[in-house]
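As a plain string of letters, each chain reads:
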Amino acid sequence: MNLSNLTFGEFEQFSFKGWNDEKVHGYLVKPANYQKGKSYPMAFLVHGGPQGSFGNMFHYRWNAQLWAAQGYGVVMMDFHGSTGYGQEFTDSIAGDWGGKPLVDLQKGFDYIVKEQPWLDADNSCALGASYGGYMMNWISGHWPERFKCIVNHAGLYDMPSFYSSTEELWFPEHDLGGPVWEGSEDYSKFDPARYVKNWKTPMLVIQGELDYRVPYAQSLGAFTALQRQGIESRLVMFPTEDHHIRNPDNLIKWYDEVFKWMEKYIK
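Residues numbered from 1 in each chain as written. Predicted model: local features only at pLDDT ≥ 70, side-chain atom pairs only at ≥ 80, totals over all residues. Heavy atoms only, no water.

Considerations on the state of the cysteines
With the rule as written, the count across this model stands at 1 disulfide. Note that cysteine 125 is cross-linked by a disulfide to cysteine 149, the S-S spacing being 2.3 Å. The chirality of the disulfide connecting cysteine 125 with cysteine 149 is left-handed, given an S-S dihedral of about -130°. One end of the pair, cysteine 125, is in strand 5 (residues 119-129); the other, cysteine 149, is in strand 6 (residues 149-153), and 24 residues separate them in sequence. For the pair shown, cysteine 125 and cysteine 149 are each scored as buried. (Disulfide = S-S within 2.5 Å. Helix = DSSP H or I, 4+ residues; strand = E, 2+ residues; numbered from the N terminus. Buried < 20%, exposed > 50% of the residue type's maximum accessible area, 1.4 Å probe, protein only.)

Here is the structure:
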């Protein structure tokens with residue numbers, strides 16, 4: 001594909017004082033055809049892993065330039081637990097899934113809207129998959145006033161049942177203190193399902209039915225909590241997809257669902 005005729009959003013990295021005033025990095029992508037003096041809604045993307053990073057990369061999944069092409073300012077934080085900043089920084093998320101990372105996201109949000117006043121803080125949507133989806137559920141219970149909409153792809157919802165059904169036990173045993181029956185308080189302390197009474201933000205829930213990393217019952221649980229509380233919500237399942245959306249036709253549908261959901265609330 002010839003990209004020479006396409007307009008891309010300008011990209012930059014920034015840093016701010018996050019949890020415990022430690023240095024945290026983030027990324028900003030301006031909307032394509034950005035015009036100085038105009039205000040733009042925000043797409044606030046949260047990466048998965050949680051030991052991961054958005055980084056300076058280009059990929060067909062979670063491509064920040066596609067949000068920029070829709071007219072959004074794109075903000076991404078490499079919160080505590082992210083890779084690329086030393087092993088100690090990466091390991092700091094263990095036993096603290098809902099602690100330091102949330103503080104980093106909150107401080108990073110406040111920092112970037114102050115530094116970039118063209119970002120419309122009151123018209124923002126949070127999006128994430130896997131651990132990023134977990135954070136969407138966690139934000140719904142602990143930061144419910146901030147965003148006008150949420151997109152949750154394959155997000156962990158009920159931590160004890162997640163442990164009992166995932167095919168990859170390394171993550172919960174490493175990050176949450178061992179098997180669930182050994183009594184680690186982290187499964188309860190950082191369980192989004194405990195805080196659904198605080199939920200109020202409209203949420204789009206998406207998942208592949210062949211996901212064995214985060215079994216799709218996690219998304220069904222989140223969607224049930226939303227529906228039973230009368231919160232605007234939509235569930236989109238892909239019967240032939242796993243933890244990621246790999247089929248190009250399905251990915252087009254995925255982006256279409258996401259952009260329509262955001263347009264409904266913040267465009």
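Overview of helix 3 (residues 100-115)
Within an α-helix, residues lying three or four positions from one another point in the same direction, as the helix has 3.6 residues per turn. End to end, helix 3 covers 22 Å across 16 residues, agreeing with the expected 22 Å (1.5 Å per residue, within 8%). Taken as a whole, helix 3 has its buried residues at Lys100, Pro101, Leu102, Asp104, Leu105, Gly108, Phe109, Ile112 and Val113. Lining the buried residues of helix 3 we find strand 1 (11-17), strand 2 (23-29), strand 3 (40-46), strand 4 (73-78), strand 5 and helix 4 (131-142). (Expected span 1.5 Å × (residues − 1). Contact = heavy atoms within 4.5 Å.)

Focus: the packing of aromatic side chains
Summed over the entire model, instances satisfying the criterion amount to 34 aromatic pairs. Here the aromatic residues Phe79, Trp97, Tyr131, Tyr134, Trp138, Phe190 and Tyr195 are joined through ring pairs into a cluster of three or more. When the ring centre of tyrosine 60 is taken as reference, the NZ or CZ atom of arginine 61 above it lies at 5.6 Å. The positively charged end of lysine 100 is found above the aromatic ring belonging to tryptophan 19, 5.0 Å away from the centroid. (Phe/Tyr/Trp six-rings, centres within 6.5 Å; stacked < 30°, edge-to-face > 60°. Lys NZ or Arg CZ within 6 Å of the ring centre and 35° of its normal.)

Comments concerning the pattern of salt bridges
A full pass over the atoms with the stated rule returns 10 salt bridges. Two residues, glutamate 232 and lysine 264, come together in a salt bridge whose shortest N-O distance is 3.6 Å. Of the two residues, glutamate 232 is situated in the loop between helix 8 (217-228) and strand 8 (233-238) and lysine 264 in helix 9 (residues 248-265); the sequence distance between them amounts to 32 residues. A residue is classified by how much of its surface remains accessible, and glutamate 232, at 43% relative accessible area, is partly exposed. Residue classification places lysine 264 among the exposed positions, given a relative accessible area of 54%. Lysine 253 serves as the salt-bridge partner of glutamate 257, at 3.0 Å between the closest nitrogen and oxygen. Here glutamate 257 pairs with lysine 253, and both are found in helix 9, just 4 residues apart, close to one helical turn. Judged by relative accessible area, which is 39%, lysine 253 ranks as partly exposed. Here the residues in one salt-bridge network are Arg234, Lys253 and Glu257, joined through shared partners. (Salt bridge = Lys/Arg side-chain N within 4 Å of Asp/Glu carboxyl O.)

Digging into the environment of valine 258
Assignment of secondary structure puts valine 258 in helix 9. Valine 258 gets classed as buried once you look at its relative accessible area, which sits at 0%. Spatially, the C-alpha atoms of valine 258 and aspartate 96 are 29 Å apart, while their sequence positions differ by 162 residues. The contacts of valine 258, once residues within four sequence positions are left out, are Trp67, Leu127, Val151, Leu204 and Ile206.

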